[in-house]
Amino acid sequence: MAWLYIGLLVFYVMVMFVFVRRPMYEAVATAFLLLCLISGKLTSIGTYLLNAANTYLLFSIAAFIIFSLVFEKTGVIDDLINIVVALVGRFSGGAGYVALAPSAVMGTLCGSAPGTAAAVGVTTISIMKKTGFSSELAAAVESAASCLGPVIPPAGAITAMFAFLEALYPGRFTFSQFWLLAYAVAFWFILHRVITLFFLIRRERVKPIPKEDRLSVRQALRDGWRSIIVPLAIFIPFLIDALLKDTFIAARLGAASGGFTNILLTVIPSVASVIAILIYVTGGKRFSLQTALALFQDNITGIAPIIVMAFAGFSITELFEDLGVTENISASLTTMHLPLWFVVIIVPLIFTVLGMFIEPFSLIIMFGGIFVSRADSVGIHPMLAAMMFNAMTCGLAPMTPPFALSQFVCMGIAESDFKATSKQSIVWCIGHYVLIVLCLFGLIPMFGTLI
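Predicted model, so just to flag it, every value in this text is computed and none were measured.

Asks: With reference to specific residues and values, describe helix α10 (residues 175-204).
Replies: Over its 30 residues, α10 extends 42 Å from the first C-alpha to the last, a length consistent with the 44 Å expected when each residue adds 1.5 Å. Of the residues one or two after α10, Arg205 is the one with positive phi, at around 55 degrees.

Structure representation (structure tokens):
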């Protein structure tokens, strides 16, 4: 029955999203109700919803989404863009590197590649086209840059993948250990983007950003140095937690130190939001309660679907846990004796294709634990498997033609041709896929973060 439940879920969601053309959050939410009906668990719906609402991950995801809005609407991210422009804009194709940085930052914060493409692409694609990038290359670069964010902490998908690690291996890994591995993995994907961009820029003979369109490094830092505080305020607490959890923190919090990471996950977005608002206010602008309400009012249609989908996804997880679906499928996959090469080479392609039709975060909720347990059974480190699953669903699927949502968003902004843009995107997709395969085979060093 476990495979039947999974098959029904995938089939129903794909039909609702692709053919009926309903939003993904509607498809996932109604799929939960359908599964409860078919499994005879209608009387337990309240329990599943309550358990899903009690998870700290739901609050963390919502908090980071709200923070991304504050970060964008206060204009603090624009100061970061100016700094990056000042640093690399003088180089040939510098606008492409400018696109990588803020897109990765915003994608990290909001966790949505298409959302990042829409928010940042309006600026970065315009700059790239202005400095000699073809419309197709500009769209492909921004699409690839936007898909980089979800594989970099503190992306919500990374937080969700740790939940599966904790469920499968209680107490074996700390979130801070996983967080540091995530940064090691992110380094290689960032390097892939930079190297790919370098060669594409040379092929296209792209020019530097004109001097009149960029600030000097001194002026950019003088005007926007405060914006650097925001990413540091997010990174440093988790670094301290990772390095001092068993010593300094444990000595002061005792048994409560075990929940310190969860506290950071829920508190840090609020702290970062306050910092962004303070930077905005100290710049001579006003941020009132009315401004905050208007901010949420204007963006409620963007916030609500993500939270509803996450809530429905966690509810499905609770249902599957009650039905024993994950355990049964994991046992079934183990008995199938899939070889290492199949898990490393073929499975990423399967989930990439699924990610074209099913919202990546939903894939993580539905199949993250299954993939991690199966990868572990063939000798792949569980933490590495979790990060690679995120890389294939959130990082690769949204930019892979022909159903690449991030690419479609960027094409609309750049006014580029579908076929020509897809040819540019394939270059990024192949490199991303090869890197996933090499990481799963254990051929890429992780700087001692695999414990």
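Picking up after the structure, the text goes on.
Asks: Now, about helix α1 (residues 2-19): what can you tell me, with residues and values included?
Replies: End to end, α1 covers 25 Å across 18 residues, agreeing with the expected 26 Å (1.5 Å per residue, within 8%). Those residues of α1 that fall on the buried side of the exposure criterion are Ala2, Tyr5, Ile6, Leu9, Val10, Tyr12, Val13 and Met16. Viewed along the axis of α1, the buried residues span an arc of 165 degrees, placing them on a single side of the element. In α1, the exposed positions angled more than 90 degrees off the buried face are occupied by Leu4, Phe11 and Phe19. Backbone geometry just downstream of α1 places Arg21 in the positive-phi region, at approximately 65 degrees.

Asks: Give me the lowdown on unusual backbone geometry, citing residues and values where you can.
Replies: A positive phi angle is found at Arg205, which is not glycine, with a value near 55 degrees. The topology assignment puts Arg205 in the loop between α10 and α11 (217-224). A positive phi angle, close to 60 degrees, is found at Phe447, a residue other than glycine. Take Phe447: it is sitting in the segment after α20 (418-440). The exposure class assigned to Phe447 is exposed, which follows from its relative accessible area of 52%.

Asks: Could you give me a rundown of the packing of aromatic side chains, with the residues and numbers involved?
Replies: One pass over the structure, following the stated rule, counts 14 aromatic pairs. Centroid distance Trp188 to Phe447: 5.7 Å. Interplanar angle 5 degrees. Geometry classified as stacked. Placement of the pair is Trp188 in helix α10 and Phe447 in the segment after α20, with a sequence separation of 259 residues. Measuring from ring centre to ring centre gives 5.7 Å for Trp341 and Phe342, while their planes differ by 75 degrees; the resulting arrangement is edge-to-face. A connected cluster of aromatic rings, assembled from ring pairs, spans Phe162, Phe175, Phe178, Trp179 and Tyr183. Across from the ring centre of Tyr169, 5.2 Å away, lies the NZ or CZ of Arg172, which sits over that ring.

Asks: Tell me about the nonpolar core, residues and numbers included.
Replies: Residues Phe133 and Phe371 are the most contacted members of the largest nonpolar core, which totals 118 residues. If one sorts the elements of this core by residue count, α10 sits on top with 13 residues. Residues within four places of Phe133 in sequence aside, it is in contact with Gly93, Ala95, Gly96, Met128, Ala138, Val141, Leu197, Ile201 and Val206. By size, the runner-up hydrophobic cluster in this structure holds 15 residues, among which are Ile77, Ala233, Ala272 and Ala276.

Asks: With reference to specific residues and values, describe a nonpolar patch on the surface.
Replies: Together, Leu221, Trp225, Ile228, Ile229, Leu232, Ile236, Ile240, Leu243, Leu244 and Phe248 make up an exposed nonpolar region whose accessible area comes to about 840 Å². Relative to the helices and strands, Ile236 is located in helix α12 (residues 229-253).

Asks: Requested: an account of the environment of Trp428, with residues and values cited.
Replies: Here Trp428 lies in helix α20. A residue is classified by how much of its surface remains accessible, and Trp428, at 0% relative accessible area, is buried. On a C-alpha basis, the gap between Trp428 and His192 in space is 8.5 Å, while along the polypeptide they are 236 residues apart. For Trp428, the residues in contact, after removing those within four places along its chain, are Ala140, Val141, Ala144, His192, Arg193, Thr196, Leu197, Leu200 and Met399.

Cut-off values and rules
Residues numbered from 1 in each chain as written. Predicted model: local features only at pLDDT ≥ 70, side-chain atom pairs only at ≥ 80, totals over all residues. Heavy atoms only, no water. Helix = DSSP H or I, 4+ residues; strand = E, 2+ residues; numbered from the N terminus. Expected span 1.5 Å × (residues − 1). Buried < 20%, exposed > 50% of the residue type's maximum accessible area, 1.4 Å probe, protein only. Arc of directions from axis to C-beta. Phe/Tyr/Trp six-rings, centres within 6.5 Å; stacked < 30°, edge-to-face > 60°. Lys NZ or Arg CZ within 6 Å of the ring centre and 35° of its normal. Core = buried A, V, L, I, M, F, W, Y, C linked by side-chain atoms within 4.5 Å. Contact = heavy atoms within 4.5 Å. Patch = residues over 30% accessible without salt bridge, like charges linked within 9 Å, V, L, I, M, F, W, Y side chains within 5 Å. Areas by Shrake-Rupley, 256 points an atom, 1.4 Å probe, with all protein chains shown as cover. Salt bridge = Lys/Arg side-chain N within 4 Å of Asp/Glu carboxyl O.

Such coordinate-based values are descriptive only and should not be taken to indicate function.
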